[in-house]
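Report on the structure
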Amino acid sequence: MAGLLAIQVARLRRQRGARLQVAASAPLDPARFAPATPADSRVPEGAEAHCELVLESYDGGVRVTGRVFAPWQGVCRRCTVAVGGTLEVAVEERFCDPPARGEPEDEEAFVITDDVVDLGPLVDEAVLAELPLAPLCREDCLGLCPTCGADRNLEPCSCEPPRDPRWASLDVLRSSF
Ligand SMILES: [Zn+2]
Ligand SMILES: [Zn+2]
């Protein structure tokens with residue numbers, strides 16, 4: 001969302017502790033959200049993120065706190081039905097001046113360039129970090145039968161459950177009774 005969330009902070013920075021509220025929506029950068037495989041969670045094409053953030057100036061830069069919201073889609077890792085919803089991501093980040101010559105870069109912080117704090121990359125990164133890697137349609141999803149492929153949420157199948165080698169010794173005990 002390059003540019004749309006670029007905030008001028010020259011005035012804000014004149015007074016330590018000054019705060020600025022930002023509530024805005026902007027499209028997420030599609031290049032950063034291209035899923036690697038069809039099963040990966042993603043944001044819908046053309047999706048917008050909404051952010052409710054507070055910028056606060058401090059001696060070394062600008063602190064950004066608040067929340068970012070974005071829609072997401074994926075497939076249940078057990079039964080492969082489509083799942084999705086709205087991500088809500090808590091944000092707590094810093095923007096700092098670029099390091100003076102010879103000083104080490106603060107790798108934890110975003111950089112203030114020409115008195116501008118660009119919240120776009122912050123929003124993109126916050127959403128990327130929270131995309132569910134292995135979503136479930138529901139906590140107790142029964143998944144697909146590994147033998148016949150039936151969706152066990154819809155209908156039980158009559159396949160024998162696969163034997164788990166960890167229980168083999170228990171079976172031996174049981175059969176000796
Ligand atoms: Zn499921
Ligand atoms: Zn089955």
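Parameters at a glance
- Residues numbered from 1 in each chain as written.
- Chains lettered and ligands numbered in written order.
- Predicted model: local features only at pLDDT ≥ 70, side-chain atom pairs only at ≥ 80, totals over all residues.
- Heavy atoms only, no water.
- Salt bridge = Lys/Arg side-chain N within 4 Å of Asp/Glu carboxyl O.
- Helix = DSSP H or I, 4+ residues; strand = E, 2+ residues; numbered from the N terminus.
- Buried < 20%, exposed > 50% of the residue type's maximum accessible area, 1.4 Å probe, protein only.
- Donors = N, O, S within 2.8 Å, 3.2 Å for Na, K, Ca; no water.

Side note on the pattern of salt bridges
Summed over all chains, the structure comprises eight salt bridges. One salt bridge in this structure joins E52 and R67, with 3.5 Å as the shortest N-O distance. Of this pair, E52 sits in strand β3 (residues 48-58) while R67 sits in strand β4 (residues 61-75), placing them 15 residues apart in sequence. In this structure R67 comes out as partly exposed when scored by relative accessible area, which is 37%. In this structure, R94 and D106 form a salt bridge, with 2.9 Å as the shortest nitrogen-oxygen distance. Of this pair, R94 sits in strand β5 (residues 82-96) while D106 sits in the loop between β5 and β6 (110-111); the two residues are twelve residues apart in sequence, bridging distant segments of the chain. Classification of R94 by relative accessible area gives partly exposed; the value is 27%. Residues joined in a network through salt bridges with shared partners are E52, R67 and E88.

As for the coordination of the zinc ion (ligand 1)
Listed as protein donors to the zinc ion (ligand 1) are C76 (SG), C79 (SG), C137 (SG) and C141 (SG); their distances from the metal cover 2.3 Å. In this structure C137 comes out as partly exposed when scored by relative accessible area, which is 32%.

Worth remembering: the numbers are spatial, not functional.
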